[in-house]
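Structural overview for review
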Amino acid sequence: MRLGLYLNLYGTPDERPQLADAVEQAKLAEQAGFEWVVLGERHLHRPGYHEILTSMTWLAAHTSRIGIATAGIVAPLYDPVVLAETLAHIDVLSGGRLTAGFVLGYRPEEFALYGVTQSERVARFEEGLEILTRLWTSDEVTYDGKFTSIAEAYLSPRPVQTPRPRIWNGGRVSAVLERTARMCDGWTTSFNELDADLPDKIAEYRSYPQGAASLGRGVILCREGYCADTSQAARTALEEPLRDLYDAYTGWKRTSADVSRYTQGWDDITNRSIIGSKSECADRLAHYESLGADGIILRIQPPGMPQTDTLKSIEHFGNLLQ
């Protein structure tokens, strides 16, 4: 099973712009055999949140082998040419370690910040992804779209990976699953996707026609994760900071259909997570592999969890990979 480490990019005014903890975690995950370090993004977040693209570059500079992935960039907010160029350069600087994961986004305030109409997000996503993919793979691109028009455009340098870096897409509704099969190479779940829903969702995703330029149908599960010597030790370390995070999500996701999934109890959370002793976590990893997962992204450190606890858990998961 390939594991990814979802890095905590929350920052407070007294520590920004440092990413020392994230770098330490990324280096340890690389040594432990993780496949990726994975970053998300958030805007208009208090007390702070590190910007995703520059953070990717910083992490690439401080690691040598581990993949640098996103889950995900809110694609409709960006100029697709600028995004294609920046991500291509991150792939070059990292020596071909980029995986670009995108999402539609859901927070009205983020769209307002970028001056983007939220109702246009699907059209912007599809047009932007087409432009990005063509710029990564073509010597020259001319495109006349609804939001972006370019003539005789090209990127130099293009990504190191051939034919291009892999693209993930996150979401849970049927339209997203169809779009992912058609335009991307892997589907990333939400952290609160219920285990009971996964078999049908995975089967539906893999039932849709694969796009001609798609590089695969990977299934990447995002799960809360904490591995300790005992299940009680895992709960002691994780419960309070994770509950604080879920309380914050209840506010952020007030306009989202899945807001109720962040108000559930500890047992509800652990039933869809990889939390517990080493043997319990090994069993959970095997469970998800049996469901058809190709990789799992673990969110080990919610804001407020000490760095020492986080590093111990990364080491425990690394032992399971040996």
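Everything below is about the structure printed above this text.
The rules we used
- Residues numbered from 1 in each chain as written.
- Predicted model: local features only at pLDDT ≥ 70, side-chain atom pairs only at ≥ 80, totals over all residues.
- Heavy atoms only, no water.
- Helix = DSSP H or I, 4+ residues; strand = E, 2+ residues; numbered from the N terminus.
- Rg over C-alpha atoms; globule rule 2.2 N^0.38 Å.
- Contact = heavy atoms within 4.5 Å.
- Lys, Arg positive; Asp, Glu negative; His and termini not counted.
- Charge placed at Lys NZ, Arg CZ, Asp CG, Glu CD.
- Phe/Tyr/Trp six-rings, centres within 6.5 Å; stacked < 30°, edge-to-face > 60°.
- Buried < 20%, exposed > 50% of the residue type's maximum accessible area, 1.4 Å probe, protein only.
- Lys NZ or Arg CZ within 6 Å of the ring centre and 35° of its normal.
- Pairing = 2+ DSSP bridges.
- Right-handed = clockwise from strand over helix to strand, strands pointing away.
- Axes fitted to C-alpha atoms, helices over the stretch in contact; angles between N-to-C directions.
- Parallel < 35°, antiparallel > 145°, perpendicular 65-115°, else oblique.
- Left-handed = near helix turned anticlockwise from the far one by under 90°.
- Expected span 1.5 Å × (residues − 1).
- Core = buried A, V, L, I, M, F, W, Y, C linked by side-chain atoms within 4.5 Å.
- 1 Å grid on protein atoms, 1.4 Å probe; cavity = no way out; pocket = protein on both sides within 12 Å on 5 of 7 lines; lining within 4 Å.
- Points joined across faces, edges and corners; volume = space filled by probe spheres on them.
- Nonpolar A, V, L, I, M, F, W, Y, C, P; charged D, E, K, R; others polar.

1. Observations regarding the overall build of the protein chain
Within the protein chain, the regular secondary structure consists of eleven helices and twelve strands. By the compact-globule yardstick of 20 Å for 322 residues, the protein chain fits well, its C-alpha radius of gyration being 19 Å. If one aligns the C-alpha atoms of the protein chain with their principal axes, the spans along those axes are about 60 × 40 × 35 Å. A sequence separation of at least 24 residues applies to 73% of the contacts in the protein chain between residues at least 6 apart. Within the protein chain, the 43 negative side-chain charges are centred at a point lying 2 Å from the centre of the 32 positive side-chain charges.

2. Some words on the packing of aromatic side chains
Two measures describe an aromatic ring pair: the distance that separates the ring centres and the angle between the ring planes. With the rule as written, the count across this model stands at five aromatic pairs. Summarising the aromatic geometry, the rings of Trp36 and Trp168 are spaced 5.1 Å apart at their centres and angled 85° between planes, so their arrangement reads as edge-to-face. Note that Trp36 is positioned in strand S2 (residues 36-39) and Trp168 in strand S8 (residues 166-170), a separation of 132 residues in sequence. In terms of burial, Trp36 and Trp168 fall into one category: buried. Between Tyr78 and Tyr114, the aromatic rings sit 5.9 Å apart at their centres with planes inclined by 50°, giving tilted as the arrangement. Of this pair, Tyr78 sits in the loop between strand S4 (73-74) and helix H3 (80-93) while Tyr114 sits in helix H4 (residues 108-114), placing them 36 residues apart in sequence. On the basis of relative accessible area, Tyr78 is assigned to the buried category, the value being 16%. Note on Tyr114: relative accessible area 33%, which makes it partly exposed. Seen from the ring of Tyr6, Arg299 lies directly overhead, with NZ or CZ sitting 6.0 Å from the centre. The ring of Phe191 is capped by Arg299, whose NZ or CZ atom sits 4.0 Å from the centre of that ring.

3. Thoughts on unusual backbone geometry
Backbone torsion omega between Ser156 and Pro157 reads 5°, so that peptide bond is classified as cis. Along the polypeptide, Pro157 turns up in the loop between strand S7 (149-153) and S8. Residue Pro163 is bonded to the preceding Thr162 through a cis peptide linkage, with omega at 0°. Within the fold, Pro163 resides in the loop between S7 and S8.

4. Examining the pairing of S2
Residues of S2 alternate between two faces, with Trp36 and Val38 on one and Val37 and Leu39 on the opposite face, all of them buried. Both strand S1 (residues 2-6) and S2 contribute to a ladder of three bridges, which runs parallel. Bridging from a neighbouring strand, Tyr6 pairs with Val38 of S2. Each parallel crossover has a hand, and for S2 linked through helix H2 (residues 52-61) to strand S3 (residues 67-70) it is right-handed.

5. Some points on the packing of H3 against helix H5 (residues 121-137)
Between H3 and H5, whose axes approach to 9 Å, the crossing angle comes to 45°. Relative to H5, the element H3 is oriented oblique. Remark: the crossing between H3 and H5 carries right-handed chirality. Mapping the contact onto sequence places Pro80, Val81, Leu83, Ala84, Leu87 and Ala88 in H3 and Gly128, Ile131, Leu132, Leu135 and Trp136 in H5.

6. Brief notes about the environment of Leu198
Examined against the element boundaries, Leu198 turns out to sit in helix H7 (residues 198-207). Put simply, Leu198 and Tyr288 are 90 residues apart on the chain and 9.3 Å apart in space, counted from C-alpha to C-alpha. In contact with Leu198, not counting residues within four places along its chain, are Thr189, Glu193, Leu221, Arg223, Tyr288 and Leu291.

7. Overview of helix H1 (residues 20-32)
If you check H1, its first and last C-alpha atoms are 18 Å apart, about what 13 residues at 1.5 Å a residue would give, namely 18 Å. Those residues of H1 not exposed but buried are Ala22, Val23, Gln25, Ala26, Leu28, Ala29, Glu30 and Ala32. Residues of H1 that are buried in the fold lie against S1, S2, H2 and helix H11 (307-321).

8. Comments concerning the nonpolar core
Core analysis: the biggest nonpolar cluster contains 97 residues, and Phe34, Leu87, Phe102 and Trp136 have the highest contact counts within it. Ignoring anything within four residues of it in the chain, the contact list for Leu87 reads Leu53, Met56, Ile73, Leu98, Ala100, Phe102, Leu132 and Trp136.

9. Structural notes on empty space enclosed by the protein
Evaluated as defined, the whole model comprises one cavity of 30 Å³ or more. Taken as a whole, the largest cavity holds about 80 Å³ of empty space. Lining the largest cavity, in full, are Tyr6, Leu7, Asn8, Leu9, Tyr10, Tyr49, Leu245, Tyr249, Arg299, Gln301, Pro302 and Pro303. Class assignment for the residues of the lining of the largest cavity results in nine nonpolar, two polar and one charged.

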